[in-house]
Amino acid sequence: TVDDGVPVVLKFESPIDFELIEQGLETHQSGITFEAYRSIQGTETGIYDTDVPVYKNNIQSTAVDYTQQVSITTGGGFTPDVGQTAVETLNALSASATAQRSTVFAGAQGRRGLAAGTYYLSFSKLGGSGTALGVYSLIFNEN
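Each residue is numbered by its place in its chain's sequence as written, counting from 1. Two thresholds apply to this predicted model, a pLDDT of at least 70 for residue-level local features and 80 or more for giving and counting side-chain atom pairs, whereas whole-chain, interface and lining totals are computed over all residues. Each side-chain value is worked out from all heavy atoms of the structure, with water and hydrogens disregarded.

### Some words on the overall build of the protein chain
Now for step 1: A tally of regular secondary structure across the protein chain gives 0 helices and 12 strands.
Now for step 2: For the protein chain, the residues scored as buried account for 35% of the 143 residues in total.
Now for step 3: The long-range share in the protein chain, meaning contacts at least 24 apart out of those at least 6 apart in sequence, stands at 88%. The secondary structure listing takes helices from DSSP runs of H or I that are at least 4 residues long and strands from runs of E that are at least 2 residues long, numbered from the N terminus. Each residue's exposure class comes from its accessible area (1.4 Å probe, protein chains only) as a fraction of the maximum for that residue type: buried when under 20%, exposed when over 50%, partly exposed otherwise. Whether two residues touch is decided by their heavy atoms; if any such pair falls within 4.5 Å, the residues are in contact.

As structure tokens, then:
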């Protein structure tokens, strides 16, 4: 849920290099803009004190459980420095009339190696007023 003027920001921290496989953004009501930034592009604000669950996809593996390296938290904010643009942007806007309401998907896929570090994933309301509802999914491999 994203409200007017109040972005939801996830802090993605990885002490190791990782592989970004796919990102998806669905909106069920109104619109959402997703923007990703590297930590060197701005300033963290607030306190990231709420863990976001990460689901492992190794159900059929016979290997010993892997200790997750990546942590994802929320609760704070991120302010990009003047002149900085997002390294990734997705927009999803669905019809707002009740009779026309639908789910809209925007996504980016293709394996990309990314360096260890801190990334900020920001979700803000796109168009109109009120609340936007949606789902963001992120698929990655820890290297």
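### Notes on the packing of aromatic side chains
Two numbers describe a pair of aromatic rings. These are the distance of the centres and the angle of the planes.
Now for step 1: Between rings of Phe, Tyr and Trp, where Trp is taken as its six-membered ring, a pair exists when centres lie within 6.5 Å; planes separated by under 30 degrees are stacked, by over 60 edge-to-face, and by other angles tilted. Applying the stated criterion across every chain, the model contains 10 aromatic pairs.
Now for step 2: Taking the centre distance of 5.2 Å and the plane angle of 45° together, the rings of Phe-34 and Phe-123 count as tilted. With Phe-34 in strand 4 (residues 31-38) and Phe-123 in strand 11 (residues 117-125), this residue pair connects regions lying 89 residues apart in the sequence. One exposure class covers both Phe-34 and Phe-123, and it is buried.
Now for step 3: The interplanar angle of 15° and the centroid separation of 4.4 Å between the aromatic rings of Phe-78 and Tyr-120 together place this pair among those described as stacked.

### With respect to the sheet that holds strand 9 (residues 88-93)
Now for step 1: Taken in spatial order, the 6 strands make up an open sheet running 6-7-2-11-4-9, and their pairing is antiparallel. Here the strands that pair on one side only, and so sit at the sheet edges, are strand 6 (50-51) and strand 9.
Now for step 2: Pairing between strands requires that DSSP locate at least two bridges from one strand to the other. Where strand 4 and strand 9 come together, 6 bridges link them in antiparallel fashion. Residue pairing in the sheet places Thr-33 in a bridge with Asn-91 of strand 9.

### A closer look at the nonpolar core
Now for step 1: As used in this record, nonpolar core signifies buried Ala, Val, Leu, Ile, Met, Phe, Trp, Tyr and Cys residues forming a set joined through side-chain atoms within 4.5 Å. Residues Phe-12, Leu-25, Phe-34, Leu-121, Phe-123 and Tyr-136 are the most contacted members of the largest nonpolar core, which totals 18 residues.
Now for step 2: When contributions to this core are tallied by element, the ones reaching two or more residues are strand 2 (8-14), strand 3 (18-29), strand 4, strand 9, strand 11 and strand 12 (131-142).
Now for step 3: Non-local contacts of Phe-123, meaning those with residues more than four positions away in its chain, are made with Val-2, Pro-7, Val-8, Leu-10, Leu-25, Ile-32, Thr-33, Phe-34 and Tyr-136.
Now for step 4: In terms of nonpolar packing, the next biggest core, distinct from the first, is built from 6 residues, Val-9, Tyr-37, Tyr-48 and Tyr-120 among them.

### Comments concerning the environment of Asp-3
Now for step 1: Note that Asp-3 resides in strand 1 (residues 2-3).
Now for step 2: Between the C-alpha atoms of Asp-3 and Ala-132, which are 129 residues apart in sequence, the distance is 6.4 Å.

### Regarding the side chain of Thr-27
Now for step 1: By the element assignment, Thr-27 lies in strand 3.
Now for step 2: Classification of Thr-27 as buried rests on a relative accessible area of 0%.
Now for step 3: Throughout this description, a polar contact denotes any pair of N or O atoms lying within 3.5 Å of each other; where both atoms belong to protein, one of them has to be capable of donating a hydrogen while the other can accept it, and for residues adjacent in sequence the pair is counted only when both atoms sit in side chains. Engagement of the side chain of Thr-27 in a polar contact is seen with the backbone oxygen of Ser-30, the distance being 3.1 Å.
Now for step 4: A distance of 3.2 Å separates the side chain of Thr-27 from the backbone oxygen of Leu-133, its partner in a polar contact.

### Observations concerning the confidence of the model for the protein chain
Now for step 1: The score called pLDDT rates the predictor's confidence residue by residue, from a low of 0 to a high of 100. Looking at the protein chain as a whole, the pLDDT averages 84, with 83% of positions reaching at least 70.
Now for step 2: Model confidence for the protein chain, summarised as mean pLDDT per element, is weakest for strand 10 (residues 104-114) at 69 and strongest for strand 2 at 97.

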